[in-house]
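# Observations on the three-dimensional arrangement
Take a look at the letters that make up each chain.
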Amino acid sequence: GVYYSMEVFRGNFIVADAHHNRVLSVSREGDISILRDFGNIVPTGLDVSGNTIYMAQAGPIPHNPEDGKVVTFGPEGSGVTTLASGARLLVDVEFGRGRSLYALSQGVWNGVSEGSPALPNTGSLVGINDNGSFSIITDGLDRPTSMEIVKNTAYIVTLTGEIWTIDNVGSPPFGK
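Let us look at the structure shown here. (Residues numbered from 1 in each chain as written. Predicted model: local features only at pLDDT ≥ 70, side-chain atom pairs only at ≥ 80, totals over all residues. Heavy atoms only, no water.)

Another aspect to go through is the sheet that holds strand β13 (residues 144–150). With respect to topology, three strands assemble into an open sheet ordered β13-β14-β15, the strand pairing being antiparallel. Strands at the two margins of the open sheet, each flanked by one partner only, are β13 and β15 (163–167). For this sheet, the mean angle separating the axes of adjacent strands, direction not counted, is 25°. (Pairing = 2+ DSSP bridges. Helix = DSSP H or I, 4+ residues; strand = E, 2+ residues; numbered from the N terminus. Axes fitted to C-alpha atoms, helices over the stretch in contact; angles between N-to-C directions.)

Position of Ser133 among the secondary structure elements: in the loop between β11 (123–128) and β12 (134–141). A relative accessible area of 25% places Ser133 in the partly exposed class. Separated by 48 residues in sequence, Ser133 and Ser85 place their C-alpha atoms 6.0 Å apart. If near-sequence neighbours (up to four positions away) are discounted, Ser133 is found in contact with Ala84, Ser85, Gly127 and Ile128. A polar side-chain atom of Ser133 sits 2.6 Å from a polar atom in the side chain of Asn131. (Buried < 20%, exposed > 50% of the residue type's maximum accessible area, 1.4 Å probe, protein only. Contact = heavy atoms within 4.5 Å. Polar contact = N/O pair within 3.5 Å; in protein donor to acceptor, adjacent residues only side chain to side chain.)

Read across the sheet, four strands follow the order β1-β2-β3-β4 without closing on themselves; strand pairing throughout is antiparallel. Every interior strand has two partners, whereas the edge strands, β1 (3–9) and β4 (32–37), have only one. On average, each strand axis in the sheet is inclined to that of its neighbour by 25°, with strand direction left out of account.

The next subject is the side chain of Glu7. In this fold, Glu7 is placed in strand β1. Arg99 provides the closest opposite charge to the buried, unpaired Glu7, separated from it by 11 Å. (Lys, Arg positive; Asp, Glu negative; His and termini not counted. Salt bridge = Lys/Arg side-chain N within 4 Å of Asp/Glu carboxyl O.)

Here we take up the packing of aromatic side chains. A full pass over the atoms with the stated rule returns two aromatic pairs. Relative to Phe73, the ring of Phe38 lies with its centre 5.6 Å away and its plane at 65°, an arrangement referred to as edge-to-face. Placement of Phe38 in the loop between β4 and β5 (43–49) and of Phe73 in strand β7 (residues 69–73) is noted, with a sequence separation of 35 residues between them. Phe73 shares its class with Phe38; the two are buried. (Phe/Tyr/Trp six-rings, centres within 6.5 Å; stacked < 30°, edge-to-face > 60°.)

Let us look at the pairing of strand β10 (residues 101–105). Of all five residues in β10, five are buried, a share of seventy percent or more. Because side chains alternate across β10, one face comprises the buried residues Leu101, Ala103 and Ser105, and the other comprises Tyr102 and Leu104, equally buried. Two strands pair when backbone bridges link them, and strand β9 (residues 90–95) and β10 are joined in this way by five bridges, in the antiparallel orientation. In the strand pairing of β10, Leu90 is matched with Ser105. Here β9 hands over to β10 after five residues, with Gly98 in that stretch at a positive phi of 65°. Inspection of the sheet shows β10 paired to β11 by four bridges, in the antiparallel sense. Bridging across to β11, Ala103 finds its partner in Val126.

A separate point is the layout of surface pockets. The space that makes up the largest pocket amounts to roughly 450 Å³. Every residue lining the largest pocket is counted, 21 residues in all, and those nearest its centre are Ala18, Val42, His63, Glu114 and Gly115. Per-class residue counts for the lining of the largest pocket are eleven nonpolar, nine polar and one charged. Considered as a void within the structure, the second largest pocket measures approximately 280 Å³ in volume. Put simply, the parts of the chain that give the lining of the second largest pocket at least two residues each are β10, β11 and β12. In terms of residue class, the lining of the second largest pocket is made up of nine nonpolar, six polar and two charged. (1 Å grid on protein atoms, 1.4 Å probe; cavity = no way out; pocket = protein on both sides within 12 Å on 5 of 7 lines; lining within 4 Å. Points joined across faces, edges and corners; volume = space filled by probe spheres on them. Nonpolar A, V, L, I, M, F, W, Y, C, P; charged D, E, K, R; others polar.)

Structure (structure tokens):
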């Protein structure tokens, strides 16, 4: 597989396997089990709140905007709920202040081969709206791969190894 991201969940770890379209549960002793299998959706970024897992989906090649989604699911037998869709090649999802949820789009896929990145400077940081859409917070990012949000600043790692900061990602009452 291609193990893309990891989060702590219920005393273990959950790991997104982007190649085999699944989320794994990994104990601290190294025992691995499949937590959730998916169709061809390419799971990438993860975040957790309580018993709910939030997952970014890049979507299958050619990574069309409608295939880029943020979904939620629970640990056992519950369904998968789409929170938002419409952003290309989503690679991460994170909570910000006030429980605002954000996703990171790598951008327009370069069309070379499976697993190849987006075109330079086509990525964006997007906010998730209550109506299931995304709002662009900032665009023109160069192939972002992951992020963390601390207070009201997004720290974004790029494919080239740079770390970018985007201040004031949230608007009032949670930002500034």
